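Commentary on secondary and tertiary structure
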Amino acid sequence: MKKNAKLVYQRIILKISGEILKSNYESEIDLHLLNRMIKEIKSLIKIGIQVGIVVGGGNLIRGSNVKKIGVSVNTADHMGMLSTIINGLLITDTMNRYTIKTQLMSAISVSGICQIYNVEKAIYLLSKQCVLVFSGGIGCPFFTTDSAACIRGIEVKADIVLKATKVDGVYSSDPKTNYDAIMYQNIKYEDVLNQDLKIMDPTAIILARDHSLPICIFNMYKSGALYRIMTGEQEGTLIIS
Ligand code: UDP
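Worth saying up front: this structure is predicted, and the values here are computed from it rather than measured. (Residues numbered from 1 in each chain as written. Predicted model: local features only at pLDDT ≥ 70, side-chain atom pairs only at ≥ 80, totals over all residues. Heavy atoms only, no water.)

**Looking at the packing of aromatic side chains**
Quick note on the threshold: Stacked, tilted and edge-to-face are the three classes applied to pairs of Phe, Tyr and Trp rings, where Trp contributes its six-membered ring and a pair requires centres within 6.5 Å; stacked means planes under 30 degrees apart, edge-to-face means over 60, and tilted covers the rest. Runs of E in the DSSP output that reach at least two residues are strands. Runs of H or I that reach at least four are helices, and both are numbered from the N terminus. Partly exposed describes any residue whose relative accessible area lies between the buried limit of under 20% and the exposed limit of over 50%, with all areas from a 1.4 Å probe on protein chains only and scaled to the type maximum.
This structure, assessed with the given rule, holds one aromatic pair. Pairing Tyr-117 with Phe-134 gives two aromatic rings, centres 5.7 Å apart and planes at 75 degrees, and the pair type is edge-to-face. Taken as a pair, Tyr-117 in the loop between β4 (115-116) and α5 (119-127) and Phe-134 in strand β5 (residues 131-135) lie far apart in primary sequence, 17 residues in all. Of the two residues, Tyr-117 and Phe-134, neither departs from the other in class, the shared state being buried.

Structure representation (structure tokens):
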């Protein structure tokens, strides 16, 4: 930790999507990024930050894709939720290898593999510097793990939800196709919704807005970004009221 650096957040929820875990090669995991991410999480724990992770499953199964091939809505989403548990196992196993105290919880019961989500236990374990990995979304179809990140954030009274992405932050339009696109340092929940900026599921934005939970969209490929956010340096886009 830098001398005199003050921590801005104490308890965070980090949303890791399946997209982040995926390498450029079909159906493979980006081990380089995964290992670096876990090392960065370890250094946050060392400086006293409590970390909860909400994991997605889009690299394995996304409900909307399975629906397209005729699978019923509920089953497709159940398949999606199960895929988040598979990613959760990968993340907790990697953290164990880095000797980080960790626990995988799931919103749906998968007895013998991981614990069922319990908010009191989650808060207790977070306060003991155990990295909690929340999987299974919220356990209901029709939701996404973006919403799960905000719901878990509200429940465990996190200071912020950090969404790890492959882009630097929230842009006024797609920077790949529009050279005039500007990146916002801060943006209001309402503006993300009104401009339909598609950086996060709108249900998640509404939940965060209604509970005054800040969201930071940042680039996980930028080494040290997590730490810089923790010390209040400008990094990514902060979504606030
Ligand atoms: N899902 C669900 N309920 C939830 C969370 C997720 O039904 O509360 C399902 C949904 O089918 C979704 C899939 O799980 O497509 C994987 O989650 P998500 O798409 O949010 O993963 P990510 O895009 O973050 O990798």
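Let's pick the thread back up.
**Brief notes about the site of the ligand**
For clarity, the cut-off: If a single non-hydrogen atom of a residue is within 4 Å of a molecule or strand, that residue counts as near it. What qualifies as a polar contact is a pair of N or O atoms within 3.5 Å, subject to a donor-acceptor requirement within protein and to the restriction that residues adjacent in sequence count only when both atoms come from side chains. Method remark: on a 1 Å grid restricted to protein atoms, a set of points is classed as a cavity if a 1.4 Å probe fits but cannot get out and as a pocket if it is open with protein on both sides within 12 Å along at least five of seven lines; lining residues have an atom within 4 Å of a point. A cavity or pocket is said to hold a molecule if more than half of that molecule's atoms lie within 2 Å of its grid points. Ten residues, namely Ala, Val, Leu, Ile, Met, Phe, Trp, Tyr, Cys and Pro, are considered nonpolar, four, namely Asp, Glu, Lys and Arg, are considered charged, and the remaining ones, Gly among them, are considered polar.
The immediate surroundings of the ligand are formed by 19 residues, with Gly-18, Gly-58, Arg-62, Asp-77 and Thr-145 found nearest. Between the ligand and Cys-140, the relevant distance is 2.7 Å, taken from a nitrogen atom to a main-chain nitrogen or oxygen of the residue. When atoms are counted within 2 Å of each cavity's grid points, the one that captures over half of the ligand is the largest pocket. When residues of the shell around the ligand are assigned to their parent elements, the largest contribution, three residues, is made by helix α4 (residues 73-97). Of the residues assigned to the shell around the ligand, the class counts are six nonpolar, ten polar and three charged.

**Describing the pattern of salt bridges**
Note the following rule: Definition used for salt bridges: Asp or Glu carboxyl oxygen within 4 Å of a side-chain nitrogen of Lys or Arg.
One pass over the full model with this rule turns up twelve salt bridges. In this structure, the salt-bridge partner of Arg-36 is Glu-40, at a minimum N-O distance of 2.7 Å. Here Arg-36 and its partner Glu-40 are both found in helix α2 (residues 31-46), four residues apart, which amounts to about one turn of the helix. An identical accessibility class is assigned to Arg-36 and Glu-40; each is buried. Across the pair Lys-198 and Asp-196 runs a salt bridge whose closest N-O atoms are separated by 2.9 Å. Assessed through its relative accessible area of 65%, Lys-198 is described here as exposed.

**Digging into the pairing of strand β3 (residues 102-106)**
Sheet faces and side chains relate simply in a regular strand, where the side chains alternate between the two faces. As a reminder of what qualifies: At least two DSSP bridges between two strands are required for those strands to pair.
Buried residues dominate β3, accounting for five of its five residues. Neither face of β3 is open: one carries Thr-102, Leu-104 and Ser-106, the other Gln-103 and Met-105, and all of them are buried. As defined by bridge partners, β3 adjoins β5 across five bridges and the pair is classed as parallel. Bridging across to β5, Thr-102 finds its partner in Val-131. Here β3 runs beside β4; their pairing, made up of two bridges, is parallel. Counted as the bridge partner of Met-105 is Gln-115 from β4.

**Let's talk about helix α8 (residues 202-210)**
Heads up, the rule is: This arc is built from the directions going out from the helix axis to the C-beta atoms. In this description, contact between two residues means that some pair of their heavy atoms is separated by no more than 4.5 Å.
Three or more residues of α8 are buried, namely Ala-204, Ile-205 and Ala-208. Buried residues of α8, seen end-on, are gathered within an arc of 100 degrees and therefore sit on one face of the element. Structurally, α8 contributes buried residues whose contacts are with α6 (145-155), α7 (189-194), β8 (215-219) and β9 (237-240). Of the residues that open α8, the one with a side-chain oxygen 3.1 Å from the backbone nitrogen of Thr-203 is Asp-201. Backbone geometry just after α8 places Ser-212 at a positive phi near 50 degrees.

**Things to note about the environment of Gln-234**
By secondary structure assignment, the location of Gln-234 is in the loop between α9 (225-230) and β9. Expressed as a C-alpha distance, the spacing of Gln-234 and Gln-185, which sit 49 residues apart in the sequence, is 7.5 Å. There is a polar contact of 2.9 Å between the side chain of Gln-234 and the backbone oxygen of Gly-236.

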